[in-house]
There are 2 protein chains.
Amino acid sequence: MDGTGRRATIRDVARLAGVSTATVSQVLNGGRPVAAATRARTLEVIAELGYRPNIFGRGLRTRRSHLVGVVLPDLSNPFYPTLVRGVQDRLGSSGYHAVVCNTDGDPGQERELVAELMDREVDGLVVVHFTLKPKDFSGITGRGVPLVVIGRPRGFDHVYTNDFRASAAMTTYLLEVGYTSVAHIAGPVGIGPAGPRCAGYRAAMRQHGLSSSMAPVVHSDFSMTGGAKALVELLERGIMPRAIFCANDLMALGAIEAAQARGLRVPEDLAVAGFDDIYVASLVRPALTTVGHAAAALGNTAAGLLLDRIGGASGPPFDVEIDFELRKRQSA
Amino acid sequence: MDGTGRRATIRDVARLAGVSTATVSQVLNGGRPVAAATRARTLEVIAELGYRPNIFGRGLRTRRSHLVGVVLPDLSNPFYPTLVRGVQDRLGSSGYHAVVCNTDGDPGQERELVAELMDREVDGLVVVHFTLKPKDFSGITGRGVPLVVIGRPRGFDHVYTNDFRASAAMTTYLLEVGYTSVAHIAGPVGIGPAGPRCAGYRAAMRQHGLSSSMAPVVHSDFSMTGGAKALVELLERGIMPRAIFCANDLMALGAIEAAQARGLRVPEDLAVAGFDDIYVASLVRPALTTVGHAAAALGNTAAGLLLDRIGGASGPPFDVEIDFELRKRQSA
DNA sequence: TTGAAAGCGCTAACAA
DNA sequence: TTGTTAGCGCTTTCAA
């Protein structure tokens, strides 16, 4: 590459090294034996010319982009950047890179982004909280592009947190630590982990003899303002629980802020627990009691499974459960 | 696309529509007139077949990937996800997608990632806190791939916060509000915005008659543990300022935690200010006094400039300064 | 307004 | 151990 002229191609290398383009390709990609002297000479010319294979030419032949798509709700929710770093760190120097897209929780967006990424010829896809069903998806892809879902199992390879059990555990903790009434601020109906987290809460309440009329649920969206609104709605309905379990940390943070704004002390008047253990959870005061499930591990594992599939692994869907842990802090 | 067979190509479309591949291409990309009837028939077949242009074939001809690279220090620092969303939102439905990479503040990584992205044939590059010089860079690319730098100007298109002025303003604020001694916890020497932020601090100190012996600086890295360590180092050196200005919010958070762990009250015993106004800054207690400069706007603007250049805009380097604002909260 | 055909850069099948 | 060559799917020039 001389800085001004056109970029060197494999033919330039072949010509200068006095070999065929096939040999240059073999030197680069392995696959068949090349004489040491030939290899050395070729590498020399490659270095001299600063030759880099053109990705389009290569892709056109190999149908590999060395790109994976990552589709998630919203990079602004601090849970996801951590997850993405998990993916990126696993991809590392494998030659793969990640294209990250936000759905903002909209299934239509999700469908469209998956389609765009398929058009991009990504070699694999990581989707967080997939809402599409296998049949929708098969309609989209039509080919065997590996897909790993982070979240609810739906017949794909997936890695997930057991939202149901984790939510039940947190609810049980709140009840057993002495909060006689516990409400739940849930995510939007049918979106991501909202369902199983809500179900886990309800199951734990039932198990403690609290019928659904004693287990108030407000749906809202997974943001701070969502949490704040939900708290207000709860109070306006005349419901004043001793504790609130929120479906994620952002909501919990919003609920705490709204509660404090109305003169309620946390946790004395109202205890609040969250879900995710985003890193702020331990920084705010009161520090947030929440469910920890390693975002980085989710991303890391998902990327690992994806690379396995891309590498040709076959067999039944992978199914990896990531541990969770109750982080008992000050807010509840 | 029939779900099992191979994917439809432009030739399949041409055959079925009874036109040439050239016409199909024109229908898709415009550029020359196509008879209404021909166009309609072609579009029909395209829809029927679910035809999607292959990106490699197209790229091989057009040398466009419709991909932009984003190189930044670390997605785990909450400042950057916001910036990335700014980029993504600006790219929006333009057909461009972003490949995001972390340098972890290492110039070697930066060089390598830029090279990898160039190999990927990205149509443009956004780099945050570029450490390479124009000549290093020209050696890497050798071609006119547009580059927008977020951070220190170096002869590229760039969008930036005036770190020097902002830091001086914050330091001045601390001094004028009554803190008689102010120390600075700086970033790693020569990395990102560490230099100008430190210089701004020093200039303001000088302007208030405080020589460099009265303006202690500790270098550390841009993380919470970095901030905590730096605070400890300061104390162990026997320096106990009334206030500390940290080069970013994570450091400030770490410093506050370390200070509190040593029994110091913030801000009564020690005031702490940060830089970035990451969204946690307003959530922690005491809420962090910091410099706000809109991360999303930085990303958004950079992506906009990049698209302009990709679209063919020529002329001297763009040079956009993003406003900053002192966010005076409880910690100082 | 349309078609034929060259060719982007690469890999891999086949031949030597 | 190496070379020749077809062809991946597309855009675009040239010709009609």
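Residues numbered from 1 in each chain as written. Chains lettered and ligands numbered in written order. Predicted model: local features only at pLDDT ≥ 70, side-chain atom pairs only at ≥ 80, totals over all residues. Heavy atoms only, no water.

Visitor: Explain the relation of the copies chain B and chain A to me, please; I cannot follow it from the model alone.
Guide: Both copies of the chain are related through a single rotation about an axis accompanied by a shift along the same axis. Overlaying chain B with chain A gives an RMSD of 0.1 Å, the required rotation being 180° about an axis along which the chain moves by 0.1 Å. Between the two chains, the operation in question is that of a two-fold axis. (Least-squares fit on C-alpha atoms with pLDDT ≥ 70 in both.)

Visitor: Quick question: what am I supposed to make of the packing of helix 2 (residues 21–29) of chain B against helix 3 (residues 36–49) of chain B here?
Guide: When two helices pack together, their arrangement is given by the angle between their axes and by how far apart the axes lie. All names here are of chain B. Contact geometry of helix 2 with helix 3 gives a least axis separation of 10 Å together with a crossing angle of 90°. Our classification of the angle between helix 2 and helix 3 gives roughly perpendicular. Of the residues in helix 3, those in contact with Thr23, Val24, Val27 and Leu28 of helix 2 are Thr38, Arg39, Thr42, Leu43 and Ile46. Partitioning the contact of helix 2 with helix 3 into residue classes produces five nonpolar, three polar and one charged. (Axes fitted to C-alpha atoms, helices over the stretch in contact; angles between N-to-C directions. Helix = DSSP H or I, 4+ residues; strand = E, 2+ residues; numbered from the N terminus. Parallel < 35°, antiparallel > 145°, perpendicular 65-115°, else oblique. Contact = heavy atoms within 4.5 Å. Nonpolar A, V, L, I, M, F, W, Y, C, P; charged D, E, K, R; others polar.)

Visitor: Sorry if this is basic, but what is going on with the pattern of salt bridges here?
Guide: Where charged atoms of side chains with opposite charge meet at close range, the side chains can pair. Applying the stated criterion to the full structure yields 30 salt bridges over all chains. A salt bridge links Arg7(A) to Glu121(B); the shortest N-O distance between them is 2.9 Å. Here Arg7(A) is found in the segment before helix 1 (10–17), whereas its partner Glu121(B) is found in the loop between helix 6 (107–119) and strand 3 (124–128) on a different chain. Among the residues examined, Glu121(B) registers a relative accessible area of 11% and is labelled buried. Two residues, Asp12(A) and Arg15(A), come together in a salt bridge whose shortest N-O distance is 3.5 Å. Remark: Arg15(A) and Asp12(A) occur in helix 1; sequence separation between them is three residues, near one turn of the helix. The class of Arg15(A) is exposed, set by a relative accessible area of 57%. (Salt bridge = Lys/Arg side-chain N within 4 Å of Asp/Glu carboxyl O. Buried < 20%, exposed > 50% of the residue type's maximum accessible area, 1.4 Å probe, protein only.)

Visitor: Where do I start with unusual backbone geometry in this structure?
Guide: For residues that are not glycine, phi is negative in most cases, and the peptide bond is trans in most cases. Here the bond from Val266(A) into Pro267(A) is cis, since omega is 10°, no more than 30 degrees from zero. Position of Pro267(A) among the secondary structure elements: in the loop between helix 11 (249–261) and strand 9 (271–273). In this chain, Arg285(B) is followed by Pro286(B) through a cis amide linkage whose omega measures 0°. In this model, Arg63(B) sits at a positive phi of 60°, which is unusual for a non-glycine residue. Of the residues examined, Arg63(B) reaches a relative accessible area of 51% and is grouped as exposed.

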